[in-house]
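A structural walkthrough
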Amino acid sequence: MKKITKLTVLMLILTMIMLVIGVTTVKATTSDPDATIETEEEPIWSDKNKVKLEIKESNSNMNYNLHVTGLTSKNAEGFSITCHVFISNKTAPTVKYDSKGIPEGGIIIGAPNYYTNITPYFEKAGDVYVTLVETQMSSTSSQMISKELLTAHKITRPSLKPLGLRTTGFFFEEDTSVHVNLSEPMAGLDNGAKINVKIGRITDKDILRAIQKNENGALTKLLNYAKKADKLYEGTFDNTQKKQKSITHEFTVVDGAYYYVYMSVGGEFYPIEDVSLYQGMVSPAIGNNLHDYLSDKFKWNIDDEEEPTEPIQPPKPTEPTTPTEPQKPDNTVLPTGKLPQTGQSIALAVIVAVIAIVGVVFAVKAKKYKI
């Protein structure tokens, strides 16, 4: 029976340990038939060509989420592969690694749903960039190893909502509330952003009717009007749904009158401008209020009577004709000045006739009485 040496026992123990931790060993041909050589398989990483970044609007928390697809969830030994997401504005994300090469910080996402909220980065001005770094357990050293999968990938911003839906403003007797709508760049509330508000009257019936009929480009016309029109009020509000100071007594609110409300955000935040149509509602019971045209309290009261676009010309007088006289063509040119004074000519002719008759009678009397 072959004698078992200490070296053989040691090799058997090492082999069992390597099998437990999942290291692949390969038998090699050497002078010692009991010797083994350890070899490590190449780590499995996600294929960068299959990785896709998508922006999806969340209906649950009313934000935008960054979804990462095409990632490999586990390596050959069954250990999970973790993805670290680094996001920044204007410039590429800075990724710092520790002494072992593991990324510090970032947002960790894992199977089965690889996503994270990206709305705060859409709130700020500038392009948005994403870097992905994967980490997994080494099959030989039992330590974490990492690999940069995507570097400074530029994200396409979601499109702005239509005019009239980008912001929301409530202007009531008791309070004011102004904020940029959710599921929109600037969706985060109380994020330090300021919203500039300008309010004024609008009497342009063409624009009002275009909005009433929901014509294409109607609010664009209102936007251009509002940016140039005189203002009744202008101020700055926090971007929040919390109630703020009422402003409806800082200018005259007329019941039933129409007002434009122009709102804008800028500075370090992504630029947004919006406009909407409001109507004054005033009474002793409810005070001064403005209601958006999408509110059920908004009542259209535009005067629908159209004014004539051209002056009405009087009918041309026609000359009387006898049955035997042929009708002559009417070549009369309508005078540009006053009409002829035909009434004065007739009166003059009557006076002349009366004088002639009186003269004849006087002559006959003079001959008879030899005057």
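First, a word on what this report is: a plain description of the structure on this page. (Residues numbered from 1 in each chain as written. Predicted model: local features only at pLDDT ≥ 70, side-chain atom pairs only at ≥ 80, totals over all residues. Heavy atoms only, no water.)

Within helix 4 (residues 218-228) the residues assigned to the buried category are Ala218, Leu219, Leu222, Leu223 and Ala226. Around the axis of helix 4, the buried residues are gathered within 140 degrees of arc, so they sit on the same side. Contacts made by the buried residues of helix 4 are with strand 14 (194-201), helix 3 (205-212), strand 17 (258-265) and strand 18 (272-283). (Buried < 20%, exposed > 50% of the residue type's maximum accessible area, 1.4 Å probe, protein only. Helix = DSSP H or I, 4+ residues; strand = E, 2+ residues; numbered from the N terminus. Arc of directions from axis to C-beta. Contact = heavy atoms within 4.5 Å.)

On to the sheet that holds strand 3 (residues 52-57). Pairing within the open sheet is antiparallel, and its 3 strands lie in the order 3-4-9. Strands at the two margins of the open sheet, each flanked by one partner only, are strand 3 and strand 9 (115-117). Ignoring strand direction, the axes of neighbouring strands in this sheet form an average angle of 25 degrees. (Pairing = 2+ DSSP bridges. Axes fitted to C-alpha atoms, helices over the stretch in contact; angles between N-to-C directions.)

Let us look at the pattern of salt bridges. For the coordinates displayed, the defined rule picks out 7 salt bridges. The partner of Lys124 in a salt bridge is Glu268, and the shortest N-O contact between them spans 4.0 Å. With a gap of 144 residues between them, Lys124 in the loop between helix 2 (119-123) and strand 10 (128-137) and Glu268 in the loop between strand 17 and strand 18 connect regions that are remote in the sequence. Residue Lys245 pairs with Glu250 through a salt bridge whose shortest N-O separation is 4.0 Å. For Lys245, a relative accessible area of 63% gives the class exposed. (Salt bridge = Lys/Arg side-chain N within 4 Å of Asp/Glu carboxyl O.)

So, about the sheet that holds strand 5 (residues 82-89). The strand order across the open sheet built from 4 strands is 8-5-10-11, with neighbouring strands paired in antiparallel fashion. Two strands close off the open sheet at either side, each with one partner strand: strand 8 (107-109) and strand 11 (144-155). Direction aside, the axes of adjacent strands within the sheet are offset by 25 degrees on average. Both strand 10 and strand 11 contribute to a ladder of 9 bridges, which runs antiparallel. Across the sheet, residue Glu134 finds its bridge partner in strand 11, namely Lys147.

Turning our attention to the packing of aromatic side chains. All told, the structure shown has 9 aromatic pairs when counted by the stated rule. A ring pair is formed by Phe171 and Tyr278, whose centres lie 5.6 Å apart and whose planes are at 75 degrees; its orientation type is edge-to-face. Taken as a pair, Phe171 in strand 12 (residues 167-171) and Tyr278 in strand 18 lie far apart in primary sequence, 107 residues in all. Of the two residues, Phe171 and Tyr278, both sit in the buried class. A ring pair is formed by Tyr225 and Tyr260, whose centres lie 6.2 Å apart and whose planes are at 80 degrees; its orientation type is edge-to-face. Here Tyr260 lies in strand 17 and Tyr225 lies in helix 4, a separation of 35 residues in the sequence. Here Tyr225 falls in the partly exposed class, since its relative accessible area comes to 24%. Given the relative accessible area of 0%, Tyr260 is considered buried. Three or more aromatic residues link up through ring pairs in this structure, and these residues are Tyr233, Phe251 and Tyr259. Cation over ring: Arg201 sits above Tyr259, and NZ or CZ is 5.6 Å from the ring centre. (Phe/Tyr/Trp six-rings, centres within 6.5 Å; stacked < 30°, edge-to-face > 60°. Lys NZ or Arg CZ within 6 Å of the ring centre and 35° of its normal.)

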